[in-house]
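Inside the fold
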Amino acid sequence: MSEAKKTPGGELGGRPLHIIFLLDVSGSMNENDGAKIRSLNYAIHEAIPHMKKVAEDNVNANILVRALTFSSGARWKIKDPTPVDQFEWNDESA
């Protein structure tokens, strides 16, 4: 085992890393002609390639993505943990 892989608990394992997006889709996100909701969607689209690259560069990484939206209540947009390499984003609206 290389020195880089040694940790107090032993070799690094393949534990899952859960990323959960918590997204405001309330009416206030439509302010300024929807600039806020467009920014939210843009940010997620921009994050996806970076998350996929981290997963590719770390073969022991098991990155799983979910998304929860809220307005007057909360609902799972993506309920089941989804491997990042299969994750696709469909824009949300306010």
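Below or above, wherever it landed, is the structure these notes cover. Because the structure is a prediction, the values reported are computed rather than measured.

Now for the overall build of the chain. Helices and strands together make up the secondary structure of the chain, namely one helix and three strands. Counting from the amino terminus, the chain carries its helices and strands in the arrangement β-α-β-β. For the chain, buried positions account for 27% of its 94 residues. Relative to all contacts within the chain whose residues are 6 or more apart in sequence, the contacts with residues 24 or more apart total 53%. Total accessible area on the chain is roughly 6,500 Å²; 51% of this is exposed by carbon and sulfur atoms.

Turning our attention to the pairing of strand β2 (residues 62–70). Counting buried positions along β2 gives seven out of nine residues, so the element sits mostly inside the fold. Where strand β1 (residues 16–24) and β2 come together, nine bridges link them in parallel fashion. Within β2, the position partnered with Ile20 by the bridge is Arg66. Tracing the backbone out of β1, into helix α1 (residues 31–57) and back to the parallel element β2 gives a crossover that is right-handed. Relative to strand β3 (residues 74–83), β2 is paired through six bridges, and the arrangement is antiparallel. Among the inter-strand pairings, Leu68 is bridged to a residue of β3, identified as Trp76. Between the antiparallel neighbours β2 and β3 lie three residues.

As enumerated under the stated definition, the model contains two aromatic pairs in all. Centroid distance Phe21 to Phe87: 6.3 Å. Interplanar angle 25°. Geometry classified as stacked. Of this pair, Phe21 sits in strand β1 while Phe87 sits in the segment after β3, and the two are 66 residues apart along the sequence. By the burial criterion, Phe21 is buried, and Phe87 matches it. With centroids separated by 6.3 Å and ring planes inclined at 35°, the aromatic side chains of Phe87 and Trp89 adopt a geometry described as tilted. On the accessibility criterion, Phe87 (2% relative accessible area) is buried. By the ring-pair criterion, three or more aromatic residues cluster together here, those being Phe21, Phe87 and Trp89. If you follow Arg66 out to its NZ or CZ, it ends over the ring of Trp76, 4.1 Å from the centre. Sitting over the face of the ring of Trp89, Lys77 holds its NZ or CZ atom 4.7 Å from the ring centroid.

So, how was this worked out
Residues numbered from 1 in each chain as written. Predicted model: local features only at pLDDT ≥ 70, side-chain atom pairs only at ≥ 80, totals over all residues. Heavy atoms only, no water. Helix = DSSP H or I, 4+ residues; strand = E, 2+ residues; numbered from the N terminus. Buried < 20%, exposed > 50% of the residue type's maximum accessible area, 1.4 Å probe, protein only. Contact = heavy atoms within 4.5 Å. Areas by Shrake-Rupley, 256 points an atom, 1.4 Å probe, with all protein chains shown as cover. Pairing = 2+ DSSP bridges. Right-handed = clockwise from strand over helix to strand, strands pointing away. Phe/Tyr/Trp six-rings, centres within 6.5 Å; stacked < 30°, edge-to-face > 60°. Lys NZ or Arg CZ within 6 Å of the ring centre and 35° of its normal.

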